[in-house]
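# Examination of the molecular architecture
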Amino acid sequence: MLILVTGGTGYIGSHTCVELLNSKHDVIIVDNLVNSKAETVDRIEAITGKRPLFYQADAADDNVMDLIFATHKPDGVIHFAGLKAVGESVEAPLAYYRNNLLSTIVLIDNCIRHGVRHFVFSSSATVYGDNQVPFLETMELRPRTNPYGETKAMCERILTDVARVNPGLSVTLLRYFNPVGAHESGLIGEAPQGIPNNLMPYITQVAKGILKELRIFGDDYPTPDGTGVRDYIHVVDLAEGHVAALEKAVPGVHIYNLGTGRGTSVLELVRAFEEANGLKIPCRIAERRPGDIAECYADVTKAREELGWEAKRGVFEMCRDAWRFEQSYEAGE
Ligand code: NAD
Ligand code: UDP
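Criteria and thresholds
- Residues numbered from 1 in each chain as written.
- Chains lettered and ligands numbered in written order.
- Predicted model: local features only at pLDDT ≥ 70, side-chain atom pairs only at ≥ 80, totals over all residues.
- Heavy atoms only, no water.
- Phe/Tyr/Trp six-rings, centres within 6.5 Å; stacked < 30°, edge-to-face > 60°.
- Helix = DSSP H or I, 4+ residues; strand = E, 2+ residues; numbered from the N terminus.
- Buried < 20%, exposed > 50% of the residue type's maximum accessible area, 1.4 Å probe, protein only.
- Lys NZ or Arg CZ within 6 Å of the ring centre and 35° of its normal.
- Polar contact = N/O pair within 3.5 Å; in protein donor to acceptor, adjacent residues only side chain to side chain.
- Contact = heavy atoms within 4.5 Å.

## Section: the packing of aromatic side chains
As enumerated under the stated definition, the model contains five aromatic pairs in all. Between the aromatic rings of F135 and F177, the centroid separation amounts to 6.4 Å while the plane-to-plane angle is 35°, which identifies the pairing as tilted. Of the two residues, F135 is situated in the loop between β5 (118–124) and α6 (147–164) and F177 in the loop between β6 (170–176) and β7 (178–180); the sequence distance between them amounts to 42 residues. In this pair, the class of F135 matches that of F177, namely buried. An aromatic cluster of three or more residues is present, and its members are Y128, F135 and F177. Stacked on the ring of Y221, the Lys or Arg R288 has its end atom at 4.0 Å from the ring centre. The positively charged end of K302 is found above the aromatic ring belonging to Y256, 4.9 Å away from the centroid.

Written out as structure tokens, the structure is:
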């Protein structure tokens, strides 16, 4: 298949392009580079030996997208492009609603106009909010109260309504848990701008000496060691999940959790990182971070049974690969 990948030079998108190309699909990337670099296209080529077509363009620009769809006639779209910083979304809600909703509307509209039958959307476990763990695809959506989470729930609803009146269309909503790690080549990975918000990139920057110590946000949660529990998933497993979802897609709306089904606490992740890489991470306990929940992990039965996909890589590989990428990556490169 020829797959249009929006956000394909970003963290998850670049790993998915690699897995698509390795699975003999062809790839066109559309990315406006607001949070990534064009050089990633060279790195995808270096890993796979195949160069995806690349357009530096805004996925919310209907005229440009119409031209790209008309020129290339893709078989499917994977829509990663979006703004994703929770805190920033509280400060700049309109930018988040505009970018994340408009790009989704423009792309699904182009799919219908141009007869593209497969649409895969990057959703998030954030849509489960404070439901009981493990999170199941059938649970009611309770996005955490920030504009980022709202955009994910809203896009899911828009796509579901559109699929209902377009019976030939397949819409797959993939709810990611906590993607971490990097490609084993060390050529692509997560390179956040500024001080990272997320745990793994924060740990790797402490390991590198860029940041002094890790603040652990709360040790009094109702979890085995009191620190927050998340379902970390290796980004290459996540990328493979996209290929499986695309290859199994049939008309209708299909929702899958992409996680490992296992919860890991902050302290457990720090220890795993130290053991995997033979390093010490200075830590101190700090206040809880506002808006955090105690536990978040997936029920992964549906993806396993319907897609034949499950995560293969464990926390050790996640920590090893995240650190390998951090060491090879020069900020501003
Ligand atoms: P990322 O920022 O690395 O990648 C997103 C890419 O989209 C970037 O390259 C950015 O330049 C591009 N982009 C943003 N707006 C665009 C637009 N209007 N037009 C074209 N390109 C645009 O983020 P990521 O971690 O790879 O996340 C990919 C998707 O997965 C996002 O939709 C994100 O919300 C979702 N997601 C991420 C996580 C996570 O923890 N990383 C978890 C759940 C869901
Ligand atoms: N966390 C932490 N220190 C940090 C960043 C995160 O203790 O500097 C904790 C956070 O409270 C949560 C877990 O690590 O329990 C994962 O946080 P992240 O932001 O990576 O993911 P999310 O909370 O969005 O699932």
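Now that the structure has been shown, the text picks up again.
## Some remarks on the side chain of N146
Tracing the backbone through its elements, the reader meets N146 in the loop between β5 and α6. A distance of 2.8 Å separates the side chain of N146 from the backbone nitrogen of G149, its partner in a polar contact.

## Quick word on the environment of V206
Mapped onto the secondary structure, V206 falls in helix α7 (residues 199–208). Residue classification places V206 among the buried residues on the basis of a relative accessible area of 6%. Residues V206 and C283, 77 residues apart in the sequence, show an inter-C-alpha distance of 9.4 Å. In this view, V206 contacts L211, K212, E213, L214, I281 and P282; residues no more than four positions away in its chain are not counted.

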